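Fold and geometry: a report
In case you want the letters, here they are:
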Amino acid sequence: MMTSSPRDPTELEPSYALQDTLGIRMTEWSRDFARVEAEFTDLLKNRQGLLHGGIHALLLDTAMGYAGCYTGIAGQQQNALTLSMTVNFVGQLRGKRLIATGRRTGGGRKVYFAEAEVRDDTGGLLANATGVFRYRSGPLVDGRP
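Rules behind the numbers
Residues numbered from 1 in each chain as written. Predicted model: local features only at pLDDT ≥ 70, side-chain atom pairs only at ≥ 80, totals over all residues. Heavy atoms only, no water. Pairing = 2+ DSSP bridges. Helix = DSSP H or I, 4+ residues; strand = E, 2+ residues; numbered from the N terminus. Axes fitted to C-alpha atoms, helices over the stretch in contact; angles between N-to-C directions. Contact = heavy atoms within 4.5 Å.

**Focus: the sheet that holds strand β3 (residues 80–89)**
Hydrogen bonds along the backbone pair up the strands of a sheet, which may run parallel or antiparallel. Read from one edge of the open sheet, 6 strands run β1-β2-β4-β5-β6-β3, paired in antiparallel fashion. One side of each edge strand has no neighbouring strand; the edge strands of this open sheet are β1 (24–30) and β3. Between one strand and the next, the sheet's axes are offset by a mean angle of 20°, whatever the strand orientation. Note: β1 against strand β2 (residues 33–39), 6 bridges, orientation antiparallel. Opposite Ser 30, over in β2, you have Phe 33 as the bridge partner. Running over the sheet, helix α3 (residues 53–67) touches β1, β2, β3, β4 (97–107), β5 (111–120) and β6 (125–135) and is turned about 45° from β6.

**Observations concerning the environment of Phe 89**
When you line up the elements, Phe 89 lands in strand β3. Put simply, Phe 89 and Ala 57 are 32 residues apart on the chain and 9.3 Å apart in space, counted from C-alpha to C-alpha. Dropping the residues within four chain positions of it, Phe 89 is found in contact with Gly 53, His 56, Leu 126 and Ala 127.

**Considering the environment of Ala 129**
Summarising the element assignment, Ala 129 is placed in strand β6. Taking the C-alpha atoms as reference, Ala 129 lies 8.9 Å from Val 118; in sequence the two are 11 residues apart.

Here is the structure:
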C-alpha cells in the first residue's frame, strides 16, 4: 500500500554524489515505497545512443533499497546492502524521463524483499526487478526501519 511521505523526501535523505552526477533524484518516499527519477541525457546513453542497461539496474536497485530503508525521521538513516537482484529488460525507452518505483514486499529484522519497475514518462515499461536486501546496523523502529 502506497502512502505519501509527510515531507519532501530530500529533507529526509540528501542525495549522494553518484545520484547528483547522473541526475537521479528521489521524488517520493514512504514506508515500503520509493520513487526515483532521472532525465534521459547523453550521460545515460550507451555507445549505440540507447539507455545503458546499467542505468536500468541502478534505478531499480536504488528504488528497492530506499523502499526498505524508510525511517520517516530526518537525520535517522537506515542502510541496506543488495544481496541479490534479478533484472528483466522488457521495453525500449520512448520518453525523456525515467521513473523507477520500488516496493518492499516482505522480510524481517535482518533481510527484506522488494520489487521495482522502471517506466518512462509515456508510461512504457522498460524494466522490472526483484531483490533481496540485508539491513546494515543502524536505527530500527519496532524491528523495522
